[in-house]
Amino acid sequence: MVAAGLWRKGCPDVRDELRRVEMNYVGFDGKVHRGVLVVNADVTASVVRIFTKLFEERFPIRRMEPMEVYDGDLDASLRADNTSAFNCRRPDQINAPFRESPHANGRAIDINPFENPWINLRTRKWSPSAKYAERTEGKGKILEGGLVWRAFTEEGWVWQDIKVPDYMHFDTGYPSKPFQGPIASPATAGPSAAGQSIPAG
């Protein structure tokens, strides 16, 4: 994580709290794939429950790779339509102060960015694309009241907690603090139907 620039001076001191959650997901090709989300230990059980529901309902996810695959480059991950979580973002890509950022604390997840874009606060344009900005039914899209929205909000997560549209984004609150959802997770979440968590290193 240090080598990839995901953690550096100024980032929240949460490295020991991060877990790699490995789990199955259904791809856009209809096949089962294995993915990884790096999240804070206090949300691991919640994340596993959420993605178990999405897997069982066969909600499609394009890919699910940790941010080190993209050297911490948010824009590269968005262009790849990558579902991701922890990222202490680069100064030119930051949306909140490091220590308060849900992503930098491992308590935020972006899902299918291409199908669920956001308005970039620096450019005032849709990112990574405006193609699916309209909130209508569609493959891999997140809609208020829909499957993904319900799976997260029932666990105490918040959808697009920002002043501009950010349809891909769920977090557990801003500024980020230990998760106190309906069922707080133990620090060492074990295997489940969807996945297992191990220290992120």
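Our structure is the block above this text.
Predicted model only: the values in this text are computed from it and were never measured.

**A look at the overall build of the protein chain**
- For the protein chain, the count of helices and strands is three helices and eight strands.
- Starting at the N terminus, the α and β elements of the protein chain follow one another as β-β-α-α-β-β-β-α-β-β-β.
- In the protein chain, which comprises 201 residues, the share counted as buried stands at 54%.
- Put simply, of all contacts in the protein chain between residues at least 6 apart along the chain, 62% involve residues at least 24 apart.
- Carbon and sulfur atoms make up 51% of the accessible area of the protein chain, which amounts to about 9,200 Å² in all.

**Some points on the nonpolar core**
- L37, V47, F51, I109, I111, F152 and W157 are the most contacted members of the largest nonpolar core, which totals 26 residues.
- Those elements that place two or more of their residues in this core are β1 (18–26), β2 (32–40), α1 (44–56) and α3 (147–153).
- In terms of residues, this core owes the most to one element, α1, which gives five residues.
- Non-local contacts of L37, meaning those with residues more than four positions away in its chain, are made with R19, R20, V21, M23, V47, F51, M64, T83, S84, A85 and I109.
- Ranked by size, the runner-up nonpolar core spans eight residues in total, among them C11, V14, L18 and C88.

**Here's the deal with the side chain of S77**
- Residue position: S77 is located in helix α2 (residues 74–79).
- Beyond its immediate stretch of four places on either side in the chain, S77 contacts M67, Y70, N82 and S84.

**Comments concerning α1**
- For α1, built from 13 residues, the straight-helix expectation of 18 Å at 1.5 Å per residue is met to within 8% by its first-to-last C-alpha distance of 18 Å.
- Within the span of α1, buried status applies to T44, A45, S46, V47, V48, I50, F51, T52 and L54.
- Looking one or two residues beyond α1, the residue adopting positive phi is R58, at roughly 60 degrees.

**Some remarks on the environment of K131**
- With respect to the helices, strands and loops of the structure, K131 is situated in the loop between β5 (126–127) and α3.
- The spatial distance from the C-alpha of K131 to the C-alpha of F114 is 8.0 Å, given a sequence separation of 17 residues.

**A look at the state of the cysteines**
- A complete count under the given rule lists one disulfide for this structure.
- What pairs with C11 in a disulfide is C88, and their sulfur atoms sit 2.1 Å apart. Here C11 and C88 share a disulfide; its torsion about the S-S bond, -95 degrees, makes the bridge left-handed. Placement of the pair is C11 in the segment before β1 and C88 in the loop between α2 and β3 (108–110), with a sequence separation of 77 residues. For the pair C11 and C88, one class covers both residues: buried.

**Structural notes on the pattern of salt bridges**
- The tally for this structure, following the rule as stated, stands at six salt bridges.
- Ionic pairing is found between R107 and D42, a salt bridge with its closest N-O pair at 2.9 Å. Highlighted residues: R107 in the loop between α2 and β3 and D42 in the loop between β2 and α1, separated in sequence by 65 residues. An identical accessibility class is assigned to R107 and D42; each is buried.
- Shared partners join several salt bridges into a network, and the residues in it are R62, D81 and E115.

**Section: the sheet that holds strand β7 (residues 169–171)**
- The strand order across the open sheet built from three strands is β3-β7-β6, with neighbouring strands paired in antiparallel fashion. Sheet topology places β3 and β6 (158–159) at the edges, where each strand pairs with a single neighbour.
- As paired strands, β6 and β7 are joined by two bridges and run antiparallel to one another. Residue pairing for β7: V158 is matched across the bridge by D171.

**Describing the pairing of β2**
- Relative to β2, β1 runs antiparallel, the two being bridged by nine bridges. Bridging from a neighbouring strand, M23 pairs with G35 of β2.
- The hairpin turn running from β1 into β2, its antiparallel successor, is five residues long, and G30 in that turn takes a positive phi close to 80 degrees.

Thresholds applied
- Residues numbered from 1 in each chain as written.
- Predicted model: local features only at pLDDT ≥ 70, side-chain atom pairs only at ≥ 80, totals over all residues.
- Heavy atoms only, no water.
- Helix = DSSP H or I, 4+ residues; strand = E, 2+ residues; numbered from the N terminus.
- Buried < 20%, exposed > 50% of the residue type's maximum accessible area, 1.4 Å probe, protein only.
- Contact = heavy atoms within 4.5 Å.
- Areas by Shrake-Rupley, 256 points an atom, 1.4 Å probe, with all protein chains shown as cover.
- Core = buried A, V, L, I, M, F, W, Y, C linked by side-chain atoms within 4.5 Å.
- Expected span 1.5 Å × (residues − 1).
- Disulfide = S-S within 2.5 Å.
- Salt bridge = Lys/Arg side-chain N within 4 Å of Asp/Glu carboxyl O.
- Pairing = 2+ DSSP bridges.

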